[in-house]
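# Close look at the chain arrangement
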Amino acid sequence: AQMGAKISASDISDAMSTEAGRRAKEMGIRNAKFYTSDLESVKGKYNTVTCVDVAIHYPSDKMGEMIQHLCSLSDERVLISFAPKTWYYVILKKIGELFPGPSKTTRAYLHEEQFVRSELKKAGFEVARDEMTATNFYFSRLLEAKRI
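Only a predicted model underlies this, so the values are computations on that prediction, with no experimental measurement involved.

Now for the overall build of the chain. Assigned secondary structure in the chain consists of four helices and seven strands. Ordered by position from N to C terminus, the α and β elements of the chain give β-α-β-β-α-β-α-β-α-β-β. Along the three orthogonal principal directions, the C-alpha set of the chain runs to about 50 × 35 × 25 Å. Pairs at least 24 residues apart make up 66% of the contacts formed inside the chain by residues separated by at least 6 positions. Seen as two clouds, the 22 positive and the 19 negative side-chain charges of the chain have centres 2 Å apart.

Here it is as C-alpha cells:
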C-alpha cells in the first residue's frame, strides 16, 4: 500500500478489521480499505490474493472449496499459508491433547501439502515458491502460486 497498490483486506473479526484500518490511517495509507467478512463471502477480482493463517480454521473437507474460491478471485497470483500435515505435527497435536485446560492442543487443522498443491493446479495455478515459517510452537507452509 505504501508503494501505491490498492489494497482490499477482510477479516472475520470486526475488531481486527477496525484495528488494521486504524493502523493504516496512522501510517498515512489512504489506498486501503478494510472490512469484516468471512472468507466465503469475499467477492471481486484482484491481481494478488493472500490468505495467511486462515486455512488452519478450515477442516480438510472444506479446504479444497476454499482454495478454489481464493483462486477464482485472483487474476495473477495466490499466496496461501497452512499448517502442513506431517508425522511430526500430528504427534505434537496428540501430545497437546494430553494436557487439560486452556493450554490444551490447538484446534488448528493440518492439511496435506500435496492436496493443497493439486487444488491450486486444478484452479489453473502453479506453485512458483514455497517457504516454511516457524516460531516456538507454530509452523506453517507458505505457497506462492501464479496463474498458468
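What follows concerns helix α3 (residues 87–96). Looking at α3, one finds that the buried residues are Tyr89, Lys93 and Gly96. The buried residues of α3 occupy one face: seen down the axis, they fall within an arc of 60°. Packed against the buried residues of α3 are β4 (74–84), β5 (110–111), β6 (125–134) and β7 (139–147).

Once that is clear, we can look at the side chain of Ser140. Mapped onto the elements of the fold, Ser140 is located in strand β7. A polar atom in the side chain of Ser140 sits 2.5 Å from the side chain of Thr133. Other than its neighbours up to four places away in sequence, Ser140 contacts Asp53, Ser81, Phe82, Ala83, Pro84, Glu131, Met132 and Thr133.

Enumeration according to the criterion identifies 10 salt bridges in this entry. Among the salt bridges present, the one from Lys122 reaches Glu119, with a minimum N-O distance of 3.0 Å. Within this pair, Lys122 and its partner Glu119 are both found in helix α4 (residues 113–122), separated by three residues, close to a single helical turn. Through salt bridges that share partners, Glu19, Arg22, Arg23 and Glu26 make up one connected network.

Further remarks concern the confidence of the model for the chain. Confidence in the prediction of the chain, expressed as mean pLDDT, is 90, and 95% of residues score 70 or more. Per-element averaging of pLDDT across the chain places α3 at the bottom with 82 and α4 at the top with 97.

Here we take up helix α1 (residues 14–26). For α1, which comprises 13 residues, the first-to-last C-alpha distance of 18 Å matches the rise-based estimate of 18 Å (1.5 Å per residue) to within 8%. Once α1 finishes, Gly28 follows within two positions and takes phi at roughly 80°, a positive value.

Right, let's talk about the state of the cysteines for a bit. Overall, the coordinates contain zero disulfides when judged by the stated rule. Free cysteine Cys71: the closest other cysteine sulfur is in Cys51, separated by 10 Å.

With that settled, consider unusual backbone geometry. Although it is not a glycine, Asp53 sits at a positive phi angle of roughly 60°. Among the structural elements, Asp53 can be located in the loop between β3 (46–51) and α2 (60–73). Classification of Asp53 by relative accessible area gives partly exposed; the value is 36%.

Cut-offs used in this document
Residues numbered from 1 in each chain as written. Predicted model: local features only at pLDDT ≥ 70, side-chain atom pairs only at ≥ 80, totals over all residues. Heavy atoms only, no water. Helix = DSSP H or I, 4+ residues; strand = E, 2+ residues; numbered from the N terminus. Contact = heavy atoms within 4.5 Å. Lys, Arg positive; Asp, Glu negative; His and termini not counted. Charge placed at Lys NZ, Arg CZ, Asp CG, Glu CD. Buried < 20%, exposed > 50% of the residue type's maximum accessible area, 1.4 Å probe, protein only. Arc of directions from axis to C-beta. Polar contact = N/O pair within 3.5 Å; in protein donor to acceptor, adjacent residues only side chain to side chain. Salt bridge = Lys/Arg side-chain N within 4 Å of Asp/Glu carboxyl O. pLDDT = per-residue confidence, 0-100. Expected span 1.5 Å × (residues − 1). Disulfide = S-S within 2.5 Å.

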